[in-house]
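Here are the chains, one letter per residue:
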Amino acid sequence: MATREDIAKELQKSYWMEIETVMNYISNSVNLDGVRAEEIKKSLAVDITEELTHAQTLAKRIKELDGLVESSMQFKAEQKSLQTKVDTTDVVSVIEGVIEAEKGAIEQYNKIIKLCEGVDYVTQDMVIGLLAQEESHLREFKGFLKEYKK
């Protein structure tokens, strides 16, 4: 059975995933060029606020579980697919990167939900809410990709 420490460790991983997503959404929402990029840039700009709120929510819960929220020296970047492209009109690569990041968050949140079962219903409930928002982001960007892949 999982401990509160195990749960806090997984929340910390999610926290870093959200922070990295914010960084990459900012860079892509600024760097993309072209008429076709405008809707993606707007959507990323909105999602930045939501993802940052997720990170803050996770940090608060880590502290409530008597954990310590790590600071920048512990950060390790992992989102290769969301790195700024030399071709700033490559909107499809950004959309695909967002889809990959959202799928990663969904997978991580499902892991935490299972870890919390029978141990920590407060965290489980919180993460279920975050999961719903990530699934919504994923659906939105899958829709964008359909249009771009025509």
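What you see is a predicted model; the values in this text were computed from it and never measured.

Let's talk about the side chain of E20
Within the secondary structure, E20 sits in helix α1 (residues 4–31). Buried charged residue E20 carries no salt bridge. Nearest counter-charge: K76, at 8.6 Å. At 2.7 Å, the side chain of E20 forms a polar contact with the backbone nitrogen of E78. In this structure the side chain of E20 is engaged in a polar contact, spanning 2.7 Å, whose partner is the backbone nitrogen of Q79.

Some details on the pattern of salt bridges
Overall, the coordinates contain 6 salt bridges when judged by the stated rule. The salt bridge partner of K149 is E96, with a shortest N-O separation of 3.2 Å. In this pair, K149 is assigned in the segment after α4 (121–148) and E96 in helix α3 (residues 91–116), connecting sequence segments 53 residues apart. Residues joined in a network through salt bridges with shared partners are K60, R61, E64 and D120.

Observations regarding the packing of helix α2 (residues 38–64) against α4
One can describe the packing of α2 onto α4 by two numbers: an axis separation of 11 Å at closest approach and a directional angle of 165°. In terms of orientation, α2 and α4 fall into the roughly antiparallel class. Read as a crossing pair, α2 and α4 show a hand that is left-handed. Of the residues in α4, those in contact with E39, I40, S43, L44, D47, E50, E51, H54, T57, L58 and R61 of α2 are V122, T123, M126, L130, Q133, E134, H137, E140, F141, F144 and Y148. Of the residues contributing to the contact of α2 with α4, the split by class is 9 nonpolar, 6 polar and 7 charged.

Calculation rules
Residues numbered from 1 in each chain as written. Predicted model: local features only at pLDDT ≥ 70, side-chain atom pairs only at ≥ 80, totals over all residues. Heavy atoms only, no water. Helix = DSSP H or I, 4+ residues; strand = E, 2+ residues; numbered from the N terminus. Buried < 20%, exposed > 50% of the residue type's maximum accessible area, 1.4 Å probe, protein only. Lys, Arg positive; Asp, Glu negative; His and termini not counted. Salt bridge = Lys/Arg side-chain N within 4 Å of Asp/Glu carboxyl O. Polar contact = N/O pair within 3.5 Å; in protein donor to acceptor, adjacent residues only side chain to side chain. Axes fitted to C-alpha atoms, helices over the stretch in contact; angles between N-to-C directions. Parallel < 35°, antiparallel > 145°, perpendicular 65-115°, else oblique. Left-handed = near helix turned anticlockwise from the far one by under 90°. Contact = heavy atoms within 4.5 Å. Nonpolar A, V, L, I, M, F, W, Y, C, P; charged D, E, K, R; others polar.

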